[in-house]
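Residue strings, one per chain:
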Amino acid sequence: MNPEEVPKDRRPLYAVESISKRYGNVVALENVNFSVAAGEVVGLVGDNGAGKSTLVSILSGVNVPDSGHIFLDGEERHWSSPHDALEAGIETLYQDSGIAPDLTVAANVFLGREILKKGFLGLFGFLANREMQERARKELERVGIATPAASRPVSKLSGGQRQAVAIGRAVAWAKKVIILDEPTNHLGARQAAEVLDVIRQARERGLAVVFISHTLPHVLNVANRIVVLRLGEVAADQPASTFTRESLLRAITGLK
Ligand SMILES: Nc1ncnc2c1ncn2[C@@H]1O[C@H](COP(=O)(O)OP(=O)(O)OP(=O)(O)O)[C@@H](O)[C@H]1O
Ligand SMILES: [Mg+2]
């Protein structure tokens, strides 16, 4: 099934212009333009070291670019921390997903946003575990993620189930933009297909989705548009329907 095309005139919700980023002598990004609209999935692809995660770090406020501009809803923004970007509605699943194995599923979903018990006990930092479990279950269910009991510690889950919790958490909290850096890594075929479904649902809820993957069939399957990074520069930015697997691979490698 071909994802429907996003109208060409749709204004980008989140965009960066002329972004450059160096690490010492390494040029990670050079003059990169990138944008994503509400209700659009943009696939971001490129070889190892092409600059994808560096771009994610700038979109999510982890790194400040050496030069360039960031626009959300048409307004220029400056993130001084990931918290700034989160507050603005940009949720990121990092390549190494940041799941805490010793905490329960529910505690991971609410990590950094814990709900305190009402009244006296809350004053002393007591957590409303029951409420968080119930809401975690509902949130994960709402975004189409089937996980075991929210009260189970994540260390007792399989790698794929942990990944599902991480993705569910990001999709559940995202208000505007969701950035997924290789979310289908280490997943079996069925679980990867479920993740692609969650991405489609996020798009249908009107979120702007950035999806990074080395698995080209996944990207071709779910993306409306594909941006190819090569050695820190944008090598292609086209509707997904204009690529075949072969032409996409050529754009990534630069080989004819
Ligand atoms: N913290 C860092 N310090 C120094 N160099 C870095 C750092 N992070 C990334 N780089 C370098 O910047 C370039 C881009 O790396 P980046 O992680 O963005 O690539 P990527 O496209 O995400 O690759 P992969 O597909 O392997 O995840 C690489 O040359 C990398 O070695
Ligand atoms: Mg990366």
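One can find the structure itself at the top, above this paragraph.
Described in the following lines is the structure provided in the data block.

A few words on helix H7 (residues 189-204). In this model, H7 (16 residues) spans 23 Å end to end at C-alpha, consistent with the 22 Å of a helix rising 1.5 Å per residue. Every buried residue of H7 is accounted for by Ala192, Val195, Leu196, Val198, Ile199, Ala202 and Arg203. Down the axis of H7, the buried set is contained in an arc of 155°. They therefore lie on one face. Summarising the geometry of H7, the exposed residues directed more than 90 degrees from the buried face are Arg190 and Glu204. Looking at the buried residues of H7, the elements they touch are strand S3 (41-45), helix H6 (159-173), strand S7 (177-181), strand S8 (208-212) and helix H8 (216-222). Phi turns positive one or two residues past the end of H7, at Gly206, with a value near 90°.

The subject of this paragraph is the sheet that holds strand S10 (residues 233-239). The strand order across the open sheet formed by six strands is S6-S7-S8-S3-S9-S10, and the pairing between neighbours is mixed. Of all the strands in the sheet, just strand S6 (90-93) and S10 have a single pairing partner and so form its edges. Along the sheet, successive strands turn relative to each other by an average axial angle of 15°, direction set aside. Here S7 pairs with S8 via five bridges, running parallel. Bridge pairing in S8 links Leu180 to Phe211. Sheet strands touched by helix H1 (residues 52-59): S3, S6, S7, S8 and strand S9 (225-230). Its angle to S7, the strand with the most contacts, is close to 150°. Against the sheet, H7 engages S3, S7 and S8, with an angle of about 155° to S8.

Looking now at the pairing of S10. Relative to S10, S9 runs antiparallel, the two being bridged by six bridges. By the bridge assignment for S10, Val227 is matched with Asp237. With antiparallel pairing between neighbouring strands as the criterion, S9 and S10 make up a hairpin whose turn holds two residues, including Leu231 at a positive phi of roughly 50°.

Quick look at the site of ligand 1 now. Near ligand 1 you find Tyr23, Val26, Ala28, Gly46, Asn48, Gly49, Ala50, Gly51, Lys52, Ser53, Thr54 and Gln95, and these make up its full shell. In terms of residue class, the shell around ligand 1 is made up of four nonpolar, seven polar and one charged.

This brings us to the sheet that holds strand S4 (residues 67-72). Strand order across the open sheet formed by four strands is S2-S1-S4-S5, with antiparallel pairing between neighbours. Each edge of the open sheet is held by one strand with a lone partner, namely strand S2 (26-36) and strand S5 (75-77). With strand direction ignored, the average angle separating the axes of adjacent strands in the sheet is 30°. Sheet topology places strand S1 (residues 14-23) next to S2; seven bridges connect them, and they run antiparallel. Of the residues in S2, the one forming a bridge with Val16 is Phe34.

This part takes up the environment of Lys156. Its location among the elements puts Lys156 in the loop between helix H5 (129-142) and H6. Distance from Lys156 to Pro101, taken between C-alpha atoms, is 8.2 Å for residues 55 residues apart in sequence.

Right, let's get into the nonpolar core. Note that soluble globular proteins tend to have their nonpolar side chains buried in a common cluster. Core analysis: the largest hydrophobic core is formed by 70 residues, its most contacted members being Val177, Ile178, Val210 and Phe211. With seven residues, H6 is the largest single contributor of residues to this core. When we break this core down by domain, the ones giving at least three residues each are domain 1 (1-89 + 174-256) and domain 2 (100-172). If we skip the residues at most four places from it in the chain, Phe211 touches Val41, Gly43, Leu44, Leu180, Ile199, Val219, Val222 and Ala223.

Take unusual backbone geometry next. In this structure, Asp73 takes a positive phi of about 55° despite not being glycine. Structurally, the position occupied by Asp73 is in the loop between S4 and S5. Classification of Asp73 by C-beta neighbours within 10 Å gives partly exposed; the count is 14.

Quick notes on the rules
- Residues numbered from 1 in each chain as written.
- Chains lettered and ligands numbered in written order.
- Predicted model: local features only at pLDDT ≥ 70, side-chain atom pairs only at ≥ 80, totals over all residues.
- Helix = DSSP H or I, 4+ residues; strand = E, 2+ residues; numbered from the N terminus.
- Expected span 1.5 Å × (residues − 1).
- Buried ≥ 20, exposed ≤ 12 C-beta atoms within 10 Å, placed from the backbone.
- Arc of directions from axis to C-beta.
- Contact = placed C-beta atoms within 7 Å.
- Pairing = 2+ DSSP bridges.
- Axes fitted to C-alpha atoms, helices over the stretch in contact; angles between N-to-C directions.
- Near = placed C-beta within 6 Å.
- Nonpolar A, V, L, I, M, F, W, Y, C, P; charged D, E, K, R; others polar.
- Core = buried A, V, L, I, M, F, W, Y, C linked by C-beta atoms within 7 Å.
- Domains from an automatic or database assignment.

Function-wise, these values are silent; they only describe arrangement.
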